[in-house]
Every structure is written in C-alpha cells, then in structure tokens.
Amino acid sequence: MPRVLLTGFDAFGGESINPSWLAVRPLHGRQVASHRIVAAQLPTVFDKSILELARLMRLHTPALVICVGQAGGRDALSLERVAINVNDARIADNASAQPVDTPVVAGAPTAYFSTLPIKAMLQALQREGLAAEVSQTAGTFVCNHVFYGLMRQLATQPACKHTRGGFIHVPYLAGQGQPCMALEDLTRGLHIATRTALTTQRDTAYGAGAVS
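Residues numbered from 1 in each chain as written. Predicted model: local features only at pLDDT ≥ 70, side-chain atom pairs only at ≥ 80, totals over all residues. Heavy atoms only, no water.

Enquirer: Would you explain the pattern of salt bridges in this entry?
Expert: Side chains that carry opposite charge are capable of pairing whenever their charged atoms lie near each other. The final tally for this structure, using the stated rule, is 3 salt bridges. Between Glu80 and Arg74 there is a salt bridge, and its shortest N-O distance comes to 2.8 Å. For the pair shown, Glu80 and Arg74 are each scored as buried. Close ionic contact of Arg188 with Asp185 constitutes a salt bridge, the shortest N to O distance being 3.4 Å. In this pair, Arg188 and Asp185 both sit in helix α5 (residues 183–199), 3 residues apart, roughly one turn of the helix. You can call Arg188 partly exposed: its relative accessible area is 34%. (Salt bridge = Lys/Arg side-chain N within 4 Å of Asp/Glu carboxyl O. Buried < 20%, exposed > 50% of the residue type's maximum accessible area, 1.4 Å probe, protein only. Helix = DSSP H or I, 4+ residues; strand = E, 2+ residues; numbered from the N terminus.)

This is the structure in structure tokens:
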C-alpha cells in the first residue's frame, strides 16, 4: 500500500509539549484514500531535522509528505504556501544553534511553493467547521527550514518526481497559550487535509490571499 508521511516536531523553546507531534501521532497506521499513514517525529534542530526527513523519505518512499509544526499565536490551521531559503532564528534550536541570515541550502533557489492543493484543502477544512487559512509565510525557524528542505528534495531528486508535499502550521493547545485549538480538532483537520491532498489532482481557484 502506498504511504503518506506525516511529521511533527518535538517540544522546543521551553515548552513541554509540541501540538504538531501530538496531533500527528494518532494518525499513524491509519488508512486514507488507499494510502497508509506513517507518522514520525523530527527534532527541532537545524540541519539534523532535514537529514532525518530525508532518511524517512528514503525508508518509506511516500506518495505524499506533509510536515506539521507549531505556530503559537495563530488561531487556525495554516496551510503554508511558500518556503524561503533563509534561516533567521530569534531563539536557539534544541541543539543551541541560532543561525542568523544564513541559507537553508547555499546556492539554491530563493523559494519553493508547496505542491499541495492548498485551496481545496482549505475549503474542505472550512466545510467541516474547522478554522483554517492559507499562510504566506512559514517563518524563518526550523519549520521553514524543514519545509524548504522538503520542497528542495521533491524538486531535485528523481525518486521524488511524483511525490507531493508541503507544510501545515497548527496553533497552541489549551494550557500553552491563546489562541488555541483542541487536540481532537487538530488531528481531525490533518486527517481531512491528508484525504483532500490525496484525492485532489488539480487545485481549485479560490481567493484566500492576504491584503497585507
């Protein structure tokens, strides 16, 4: 059975939990649209996170990859549109690294766009009553770092020619801060997003951009 790789991160920045991993973990082993989900945790560490993602992709040869990260302060499931080739860490990662104004991959393109059908995913989430948005930035910390690394691999590796991928940010859980979403809604939303990505070959035209 073809596979879907869903990843979340370990806790960082003094937090004891990371909702991205807690939301992804219950989906491990589930079957969606004739694909089986593999859930895995990435370290919140520059470089090491991309190496672990590449290892997982070699191991599982997924047809779809969705990386998930925490975005405290957001109030919706954020479907990321673009990954940029820059590391600019306001805080240190879990290995005490704090790169500033360095490229994710030296000499590589400035940015890559998600290959997920993000507009169709947005509509599917909203139909199910879940707060969702298209985001124009994944930040400049490890989430964007992994997002860029993923899209770079999909764009350059022949083995990934037919693999689609992208990134979703999730809000805090209750107890971490406000705004927040329930863990059950995060997991349900990722399940809906995965199913939509697998069953939508061509994205829909739907206005969901940002004015500022």
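Enquirer: Teacher, can you tell me more about helix α4 (residues 142–156) here?
Expert: Since the α-helix advances by 3.6 residues per turn, residues separated by three or four positions end up pointing in the same direction. The terminal C-alpha atoms of α4 lie 21 Å apart, and with 15 residues this matches the ideal 21 Å at 1.5 Å per residue to within 8%. When you tally the buried positions in α4, you get 12 out of 15 residues, the bulk of the element. Among the residues of α4, Val142, Cys143, Asn144, His145, Val146, Phe147, Tyr148, Gly149, Leu150, Met151, Gln153 and Leu154 are the ones counted as buried. (Expected span 1.5 Å × (residues − 1).)

Enquirer: Explain the pairing of strand β1 (residues 3–9) here, please?
Expert: The buried fraction of β1 is high, at 6 of 7 residues. Sheet analysis places β1 next to strand β3 (residues 35–42), joined by 7 bridges and oriented parallel. In the strand pairing of β3, Gly8 is matched with Gln41. Taken together, the 4 bridges between β1 and strand β4 (residues 64–70) define a ladder with parallel strand orientation. Directly across from Val4, in β4, lies its bridge partner Leu64. (Pairing = 2+ DSSP bridges.)

Enquirer: Please explain the sheet that holds β1 as it appears in this structure.
Expert: Sheet strands pair by backbone hydrogen bonding; their relative direction is either parallel or antiparallel. Taking strand neighbours across the sheet as the criterion, the 7 strands line up as β2-β3-β1-β4-β11-β5-β10 in an open arrangement whose pairing is mixed. Two strands close off the open sheet at either side, each with one partner strand: β2 (31–32) and β10 (132–135). The strands touched by helix α2 (residues 48–60) are β1, β3 and β4; relative to β3, the strand with the most contacts, the crossing angle is about 155°. Against the sheet, α5 touches β1, β2, β3, β4, β5 (77–80) and β11 (164–170), its axis set at about 155° to β4. (Contact = heavy atoms within 4.5 Å. Axes fitted to C-alpha atoms, helices over the stretch in contact; angles between N-to-C directions.)

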